[in-house]
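Observations on chain architecture
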Amino acid sequence: MSAAIHATPRADARPTPPPAGPRRSYDIRGMTCAACAARVETVLGRVPGIAAASVNLALERADVTFSPDAGAPDDAAVVDAVDLAGYEALPRAEDPRERRLAREAREAAGRAEFRQTALVFAISALLTLPFMLAMGVMALGGPHLLSPVTELVLGTLVQVIAGARFYRGAFNALRGGSANMDVLVALGTTAAWGFSAVMVLMRGHDAMGHLYFEGSATILTLVLAGKLMEARARASTTAAIRALMALRPETAVRVTGEGAAEREETVPVEALALGDLVRVRPGERVPVDGWVMAGASSLDESLVTGESLPVDKNAGDHVIAGTMNGEGVLTLTADALGEDTTLARITRLVEAAQTGKAPVQKLVDRISAVFVPVVLVIAVLTFAGWLIAGGGAEAAFVAAVSVLVVACPCALGLATPTALVAGTGAAARAGILVKDIETLEKAGHIDTVIFDKTGTLTEGRPAVTEVVAAPGETADRVLALAAAVQRASRHPLAEGIVRAADAAGLTQHAADGFRSHTGRGVVASVKEPGGGPAAARTVRVAVGNAGLMTEFGADPSALAAAVGRLEDAAQTVVQVAVAAEGEPVRLAGLIALADRIRPEAKAAVARLARHGVTSRMLTGDNARVAAAVAAEIGIAGWRGPVLPADKSEEVVRLQADGRRVAMVGDGVNDAPALAAADVGIAIGTGADVAIETAGVTLMRSDPRLVPAALDIAAATARRIRLNLFWAFAFNVVGIPVAALGLLTPALAGAAMAASSVTVVTSAALLARWRPHLGD
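Given the structure is predicted, the values throughout are model-derived calculations rather than measurements.

**Here's the deal with the overall build of the protein**
Counting its secondary structure elements, the protein contains 26 helices and 26 strands. With 775 residues in all, the protein has 51% of them scored as buried. Long-range pairs, those at least 24 residues apart, make up 69% of the contacts in the protein between residues at least 6 apart in sequence. Summed over its atoms, the accessible surface of the protein is roughly 33200 Å², and 60% of this surface lies on carbon and sulfur atoms.

Below, the structure written as structure tokens:
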């Protein structure tokens, strides 16, 4: 199992892309459909100095990448270009405080706009109600209830009050050289209202039965109703990112001085510096990432990590900004502020994923860019076709208006981004962060998951279980020497040895000349203090595996029987060799450590298997330990011991066999494998480099989140496909039906509103996803 594997280049390997320039984000106002987003994206792409632009209709946001050689980003050029296109662009602030204030202003403006739209809808609905009642009576065989003049007055009021926003949107779009949903609605309703008004003026009472005021009024009212429902549903899909942004408190209690001179002062979070002492009282949110210096409490981390139960915190534990303090008082020292906090990183990851675009969305964007002009052509051809076929001007007019109204591109533009926002938001609430849309797409097709053992399938905190001393040595000396060497290491085994030495109260020897031998162990010089007649002396100490012992010159066979016994019990054995000046190198003893398997690991592997995903395990431990751990968890395929480079080679080997591979790890040595895998999944409590390299980050060390991550990725991809099906279905079916005269303008308006509401509601249902963590 531990034979070397030689990597072969992947067939689909791509050259490293050129370095990207600075990025800026802008809020875009005035967009109403996919055609708007496509137009803004096209306009931005033509601005000199802009290398790429991506516009998200659901978030009403544009992300612009400037060319590296274009100099400083020119916000004015972006704003002017968007303005000429008929929309408004507002640069997003860089300063965290300004960004928060700007976000609050946007949210307030959004709430005000929603209230205004609701008021306009209420007025429009009241004015349209007589039309609806009249149509109901006529459908039952009753007489006309409204006179032509009454219809003209009611229809005109609705056209002016409810149609104003569509006229503004249409004017801005046409002024910018494009056509959007507002153009279709404005044209269709104006044509229906204008035709009817002319009929009333020309025929008076005789126009009864040939008027379409109810059509134009109903269209506008239904479209407004659809906009309201769409806005409410869209708000639910973006709830996760808003909740994350609202977690960090605006102020903190800074502690200065000591003892009787200790003083507390409430300051803005932005005024804190690294190393400041911060006090958090019961019921308050933690303002910064930091280490607990004093106090004990339990923190609710559910909104940050997805962990449902409170987590106990004592002196020496790490806390995360945005978590809620329980019943105790904590004093902590700040080690990350502002944009460097875990919460800020989470927010950036979620935002990055939500603003991405699936490959299918690029096709939708191309369709949306020409959709409205094509619909206008179809409407003209419909009108002409009915006239040529002898259907009469009125029938031709009704069919053409119905085509204009039913063909709304809103659903197309919202199908992908709303599902993406809802899916990534639901994942974030569960403690699963997806870096981008490409990762989300790949994660839904994974068939093999490789787990790193230490810190992933196990708790990553090995504890010393036994010390075996060679003849002439003592267990205390073996442990003290090993701890002296390992204090400079951050390896989990090293930390376990140091903890055991400290717990036993052993003398802390000084060590220098520390040297790491990757994959084998460490060597250092240790100064042993003298005692009694013995003088102090310096010895070279090697701590590692049998390979390092041989390299160091010690004979590992002296304690081979003890090594076998311990490894058969699934314990990791660290060997300790000593070389004093003038004396031969000899094996001093063994230190056995056991890393407890995470109780959730077996359930995670079993759940992956039920979904047809194969699990494998890689470890730096020897084959006996690897086999014992794999057998207990239920993993058939494993390799051990492996060097860090072997992990990425194993990923490449499986990919060459046609497997789609996800790598799960938490350490620095996992980063190459995480980068090589189709999807890298980092345990969030691990090293920063692992988190930055991976496409998915799990905010808590629960292996069951691995199948949950694959599940939400697949669910989001399915929802995107379903939404696109509905969006295309409404148009593919609706336009021909309208062209054939089988839809009245009012029914066309209802179908148009229903298409957007269906798509957005479908995405909102995805926001209710919760991970299944049971067996």
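**A look at the UniProt feature "transmembrane region" (unreviewed entry) in the protein**
Following the UniProt record, the feature "transmembrane region" (unreviewed entry) maps to residues 118-140, 152-171, 183-202, 208-226, 367-389, 395-415, 724-743 and 749-769 here. Counted over residues 152-171, helix gives 90% and strand 0%. Its end C-alpha atoms are 24 Å apart. Secondary structure content for residues 724-743 is 80% helix and 0% strand, and the end C-alpha separation is 23 Å.

**Brief notes about a nonpolar patch on the surface**
Side chains of Leu119, Ile123, Val149, Val153, Leu157, Val160 and Ile161 sit close together on the surface and give an oily, nonpolar patch of about 580 Å² of accessible area. With five residues, the single largest contributor to the nonpolar patch is helix H4 (residues 148-161). Relative to the helices and strands, Val160 resides in helix H4.

**Focus on the pairing of strand S18 (residues 521-528)**
With seven of eight residues buried, S18 lies mostly within the body of the structure. Strand direction decides the pairing type here: strand S17 (residues 510-517) and S18, joined by six bridges, are antiparallel. Within S18, the position partnered with Arg515 by the bridge is Val523. The antiparallel hairpin formed by S17 and S18 contains three residues in its connecting segment, where Gly519 sits at a positive phi of about 80 degrees. Looking at chain direction, S18 and strand S19 (residues 537-544) are connected through eight bridges and run antiparallel. The residue bridging Ala524 from the neighbouring strand is Val541, located in S19.

**Some details on the sheet that holds strand S4 (residues 88-91)**
Here four strands make up an open sheet; going across it, the order is S2-S3-S1-S4 and the pairing antiparallel. Edge positions in the sheet fall to strand S2 (50-56) and S4, since each has one partner strand and no second. Strand-to-strand twist of the sheet, defined as the mean angle between neighbouring strand axes without regard to direction, takes the value 30 degrees. Pairing geometry for S2 and strand S3 (residues 61-66), over six bridges, is antiparallel. The residue bridging Ala52 from the neighbouring strand is Thr65, located in S3. Seen against the sheet, helix H1 (residues 34-45) touches strand S1 (23-29), S2 and S3 and runs at an angle of roughly 165 degrees to S2. With respect to the sheet, helix H2 (residues 75-84) is in contact with S1, S2, S3 and S4, its orientation differing from that of S4 by roughly 160 degrees.

**Details of helix H20 (residues 601-610)**
Along H20, the residues classified as buried are Ala601, Ala603, Ala604, Val605, Arg607 and Leu608. On its buried side, H20 packs onto strand S15 (448-452), helix H15 (453-457), strand S22 (614-618), helix H21 (623-633) and helix H25 (705-739). Immediately downstream of H20, the backbone of Gly612 shows phi near 80 degrees, a positive value.

**Side note on the environment of Val198**
Mapped onto the secondary structure, Val198 falls in helix H6 (residues 181-203). Using a relative accessible area of 43% as the deciding quantity, one classes Val198 as partly exposed. For Val198 and Leu152, which are 46 residues apart along the polypeptide, the C-alpha to C-alpha distance reads 10.0 Å.

**Considering the side chain of Arg61**
Mapped onto the secondary structure, Arg61 falls in strand S3. A relative accessible area of 9% means that Arg61 is categorised as buried. Only 3.0 Å separates the side chain of Arg61 from the side chain of Asp63, close enough to count as a polar contact.

**Observations concerning the sheet that holds strand S10 (residues 311-313)**
Pairing in this open sheet of three strands is antiparallel, and the strands run S10-S9-S12 from one edge to the other. Either end of the sheet is taken by a strand with one partner, and the two such strands are S10 and strand S12 (324-325). Bridge analysis of strand S9 (residues 297-300) against S12 gives two bridges, and the strand direction is antiparallel. Along S12, the bridge assignment pairs Asp300 with Met324.

**Some remarks on the environment of Leu332**
With respect to the helices and strands, Leu332 occurs in strand S13 (residues 330-336). Note: C-alpha distance between Leu332 and Val280 (52 residues apart in sequence) is 8.0 Å. Among all residues touching Leu332, those that are not within four sequence positions of it are Asp276, Leu277, Val278, Val280, Val286, Val288, Gly290, Trp291, Val292, Met293 and Val319.

**Quick notes on the packing of aromatic side chains**
Under the defined criterion, the tally for this structure stands at three aromatic pairs. For the pair Phe725 and Trp726, a centre-to-centre distance of 5.5 Å together with 65 degrees between the ring planes defines the contact as edge-to-face. With a centroid separation of 6.3 Å and an interplanar angle of 45 degrees, the aromatic rings of Trp726 and Phe730 are classed as tilted. Of the two residues, Trp726 and Phe730 are both situated in helix H25; the distance of four residues between them amounts to about one turn of the helix.

**Re the pairing of strand S24 (residues 661-665)**
With five of five residues buried, S24 is to be regarded as a mostly interior element. Residues Val661, Met663 and Gly665 of S24 are buried on one face, and the alternating residues Ala662 and Val664, pointing to the opposite face, are buried as well. Taken together, the four bridges between S15 and S24 define a ladder with parallel strand orientation. Within S24, the position partnered with Val449 by the bridge is Ala662.

**A word on the pattern of salt bridges**
Following the criterion strictly, the structure yields 27 salt bridges and no others. For the salt bridge of Asp657 with Arg653, the shortest nitrogen-to-oxygen distance reads 3.6 Å. For Asp657, a relative accessible area of 55% corresponds to the exposed category. Take Arg653: its relative accessible area is 29%, and that puts it in the partly exposed class. A network of salt bridges, in which partner residues are shared, links Glu473, Arg477, Glu528, Arg537, Glu583 and Arg586.

**Observations concerning the nonpolar core**
Of all hydrophobic cores here, the largest spans 83 residues; its most connected members are Ile28, Met31, Val40, Leu44, Val82, Tyr87 and Val375. Per element, the largest residue contribution to this core is nine residues, and it comes from H6. Ignoring any residue separated from it by four or fewer positions in sequence, one finds Met31 in contact with Cys36, Ala37, Val40, Val55, Asn56, Leu57, Glu60, Arg61 and Tyr87. In this structure, Leu608, Val613, Ala662 and Trp769 belong to the second largest nonpolar core, which totals 45 residues.

**A look at the packing of H4 against H6**
For any two helices packed against each other, the geometry is given by the interaxial angle and the distance between the axes. Viewed as axis vectors pointing N to C, H4 and H6 meet at an angle of 150 degrees, and their least axial separation amounts to 10 Å. Accordingly, the angle class assigned to the pair H4 and H6 is roughly antiparallel. Judged by the sense of rotation from one axis to the other, the crossing of H4 with H6 is left-handed. Contacts from Pro148, Leu152, Gly155, Thr156 and Gln159 of H4 reach H6 at Thr189, Thr190, Trp193, Ala197 and Val200.

Definitions and cut-offs
- Residues numbered from 1 in each chain as written.
- Predicted model: local features only at pLDDT ≥ 70, side-chain atom pairs only at ≥ 80, totals over all residues.
- Heavy atoms only, no water.
- Helix = DSSP H or I, 4+ residues; strand = E, 2+ residues; numbered from the N terminus.
- Buried < 20%, exposed > 50% of the residue type's maximum accessible area, 1.4 Å probe, protein only.
- Contact = heavy atoms within 4.5 Å.
- Areas by Shrake-Rupley, 256 points an atom, 1.4 Å probe, with all protein chains shown as cover.
- UniProt positions renumbered as here; feature names shortened; annotations may be inferred.
- Patch = residues over 30% accessible without salt bridge, like charges linked within 9 Å, V, L, I, M, F, W, Y side chains within 5 Å.
- Salt bridge = Lys/Arg side-chain N within 4 Å of Asp/Glu carboxyl O.
- Pairing = 2+ DSSP bridges.
- Axes fitted to C-alpha atoms, helices over the stretch in contact; angles between N-to-C directions.
- Polar contact = N/O pair within 3.5 Å; in protein donor to acceptor, adjacent residues only side chain to side chain.
- Phe/Tyr/Trp six-rings, centres within 6.5 Å; stacked < 30°, edge-to-face > 60°.
- Core = buried A, V, L, I, M, F, W, Y, C linked by side-chain atoms within 4.5 Å.
- Parallel < 35°, antiparallel > 145°, perpendicular 65-115°, else oblique.
- Left-handed = near helix turned anticlockwise from the far one by under 90°.

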